[in-house]
Amino acid sequence: MRCAVLGAGSWGTALGGILAAKGWPVTVWDIDLEVLEDIRISGRNSRYLPGIDLPGTLTAEAALSVAVADAQLVVLVVPSHVTRRVAEQLGPHLHPDALVCCAAKGIEIDTLQTMSGVLHEVLPTRTHPQLTFLSGPSFAVEVARHLPTAVTVAGTREAARRAVQEAFSGPSFRVYTSEDVMGVEVAGCVKNVVAIASGMCDGLGFGANARAALITRGLVEITRLAVAMGAQPVTLAGLSGMGDLILTCSSELSRNYRVGRGLGRGRPLGDVVAELGQVAEGVVNARSTLALARRHQVDMPISAAVHAVLYEGLSAREAATALMTRALKPETDG
Ligand SMILES: NC(=O)c1ccc[n+]([C@@H]2O[C@H](COP(=O)([O-])OP(=O)(O)OC[C@H]3O[C@@H](n4cnc5c(N)ncnc54)[C@H](O)[C@@H]3O)[C@@H](O)[C@H]2O)c1
């Protein structure tokens, strides 16, 4: 299967590596010509995945039209805020029968659309049944090193999600399928916000009890929002829900966790983000999550607390106190 990967950052390169390790010819495309040159010349992506050799069947191409020509599978892995722009460029070159797998996670801030909503708006109608969405607990660096990883591919058309499952699956990368695109997408976005809260918790030195409670209650509010938007509750207990949430909330490898930890230690947001040098999508996701919670009239106290710390001048400690002293209620409140 001829594959094109749009986005040669950490996740795009790791996913390209998984496909190429299966023997598929893979072409990665990006706007960053230096990264593409590095991949072509050294067989590595030194900027995003230093020290990792990429399979020989992975190549890089600077022209999108060439990268996707004859591609039977196109994987979209640019940051979510540029997915619309890249999909607009892709549309005219996309083969009508090509499978499209979006591995970007996020909700567009202006429109509050999930990536699925964006792609349905931008890509030709005939390609919509071919759309799939990959998510789950997967740090790029571990996938690139072929450490065991399991993810979910969601899509409305069974043949499409099964074909993408087959294309990616191998000894170190196990893919499950799901029909629940909304559940998989909302979980993949909002977990970044909870990860910031989890980092704050650790930055404040709150300990393991607090983090376990936060992850659990975080999952409750992610589920509330996802179900209000049409998801199946069971999806949120799966790899793209609980799985990804546990991963993101408990590891230094998570950029969002590191942002939260810096804030918990009392550092200004600007300094923490500048030090990171890469996009921490939870910082933007906090705004879209809160806007969606308001639109769907869903109570999301942890996300609201993160928003208040990021954008409303509350300190992490004040936010934690406010969360702990809210009105008491049953654990399952509908
Ligand atoms: N890194 C991970 O472990 C991981 C895991 C799962 C999902 N994701 C998701 O994958 C997506 C990409 O994340 P990442 O970690 O690879 O990001 P990254 O910052 O490592 O790389 C992003 C890449 O996109 C390119 N890019 C930016 N704007 C572009 C444009 N307009 N046109 C073409 N290319 C452009 C950049 O040059 C860069 O190479 C995000 O939505 C993220 O949530 C990441």
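A short tour of the structure in this document, coming up. Each chain has its residues counted from 1, running along the sequence as written. Only residues with pLDDT of at least 70 are given local features in this predicted model, and only at 80 or more are side-chain atom pairs given and counted; all residues enter the totals for whole chains, interfaces and linings. Side-chain numbers here rest on the full set of heavy atoms in the structure, without hydrogens or water.

**Concerning the site of the ligand**
Turning to step 1, where the next piece is worked out: Residue proximity to a molecule or strand is established when one non-hydrogen atom of the residue lies within 4 Å of it. The ligand sits among 24 residues. The nearest are Ser10, Trp11, Asp30, Ala140 and Glu281.
Turning to step 2, where the next piece is worked out: Taking serine 138, its main chain carries an N or O atom lying 3.5 Å from an oxygen atom of the ligand.
Turning to step 3, where the next piece is worked out: Think of a polar contact as two N or O atoms within 3.5 Å of one another; within protein, one of them needs to be a possible hydrogen donor and the other a possible acceptor, and neighboring residues in sequence only count if both atoms come from side chains. Measuring from an oxygen atom of the ligand, one finds a backbone N or O atom of alanine 140 at 2.8 Å.
Turning to step 4, where the next piece is worked out: Calculation on the ligand without its partners gives an accessible area of 840 Å², and the protein chains cover 87% of this total.
Turning to step 5, where the next piece is worked out: In the cavity and pocket records, a cavity denotes points on a 1 Å grid over the protein atoms alone where a 1.4 Å probe fits but cannot get out, a pocket denotes an open set with protein on both sides within 12 Å along at least 5 of 7 lines, and lining residues are residues with an atom within 4 Å of a point. To qualify as sitting in a cavity or pocket, a molecule needs more than half of its atoms within 2 Å of the grid points. Under a 2 Å grid-point criterion requiring more than half of the atoms, the pocket assigned to the ligand is the largest pocket.
Turning to step 6, where the next piece is worked out: The way it works is that DSSP assigns letters per residue, a run of H or I at least four long becomes a helix, a run of E at least two long becomes a strand, and they are numbered from the N terminus. Of all the secondary structure elements, the ones that give two or more residues to the shell around the ligand are α1 (10–21) and α4 (83–90).
Turning to step 7, where the next piece is worked out: Under this grouping Gly is polar, as are all residues other than the nonpolar Ala, Val, Leu, Ile, Met, Phe, Trp, Tyr, Cys and Pro and the charged Asp, Glu, Lys and Arg. Tallied by class, residues from the shell around the ligand come to 14 nonpolar, 4 polar and 6 charged. In this description, accessible areas are obtained by the Shrake-Rupley approach with a 1.4 Å probe, and a residue is regarded as covered only by the protein chains that are shown.

**Some points on the environment of cysteine 102**
Turning to step 1, where the next piece is worked out: Its location among the elements puts cysteine 102 in strand β5 (residues 99–102).
Turning to step 2, where the next piece is worked out: A 1.4 Å probe rolled over the protein chains alone gives each residue an accessible area, and that area as a share of the maximum for its type sets the label: buried under 20%, exposed over 50%, partly exposed in between. We classify cysteine 102 as buried; its relative accessible area is 1%.
Turning to step 3, where the next piece is worked out: In sequence terms cysteine 102 and methionine 115 are 13 residues apart; their C-alpha atoms lie 7.6 Å from each other.
Turning to step 4, where the next piece is worked out: Once residues within four sequence positions are removed from consideration, cysteine 102 is found in contact with Leu76, Met115, Leu119, Thr132, Phe133 and Leu134. Two residues qualify as a contact provided that any one of their heavy atoms is within 4.5 Å of a heavy atom in the partner residue.

**Looking at unusual backbone geometry**
Turning to step 1, where the next piece is worked out: The backbone of aspartate 70 shows a phi angle near 65°, a positive value even though the residue is not glycine.
Turning to step 2, where the next piece is worked out: Within the chain, leucine 112 stands out as a residue other than glycine whose phi angle is a positive 60°.
Turning to step 3, where the next piece is worked out: Locating leucine 112 in the fold gives a position in the loop between β5 and α5 (115–122).

**Some words on the packing of helix α9 (residues 208–228) against helix α10 (residues 239–249)**
Turning to step 1, where the next piece is worked out: Only the stretch in contact is used when a helix axis is fitted, and all axes are lines through C-alpha atoms; the angle between N-to-C directions ranges over 0 to 180 degrees. Interaxial distance between α9 and α10 falls to 10 Å at its minimum, and their mutual angle equals 140°. One element, α9, and the other, α10, form an angle in the oblique class. Here the hand of the crossing between α9 and α10 comes out right-handed. Residues Arg211, Ile215, Gly218, Leu219 and Ile222 of α9 form the contact with α10, whose own contacting residues are Gly241, Met242, Leu245, Ile246 and Cys249. Orientation categories follow fixed angle ranges, with anything under 35 degrees roughly parallel, anything over 145 roughly antiparallel, 65 to 115 roughly perpendicular, and all other angles oblique. For a crossing to be left-handed, the near helix must be turned anticlockwise from the far one by less than a right angle; the clockwise case is right-handed.

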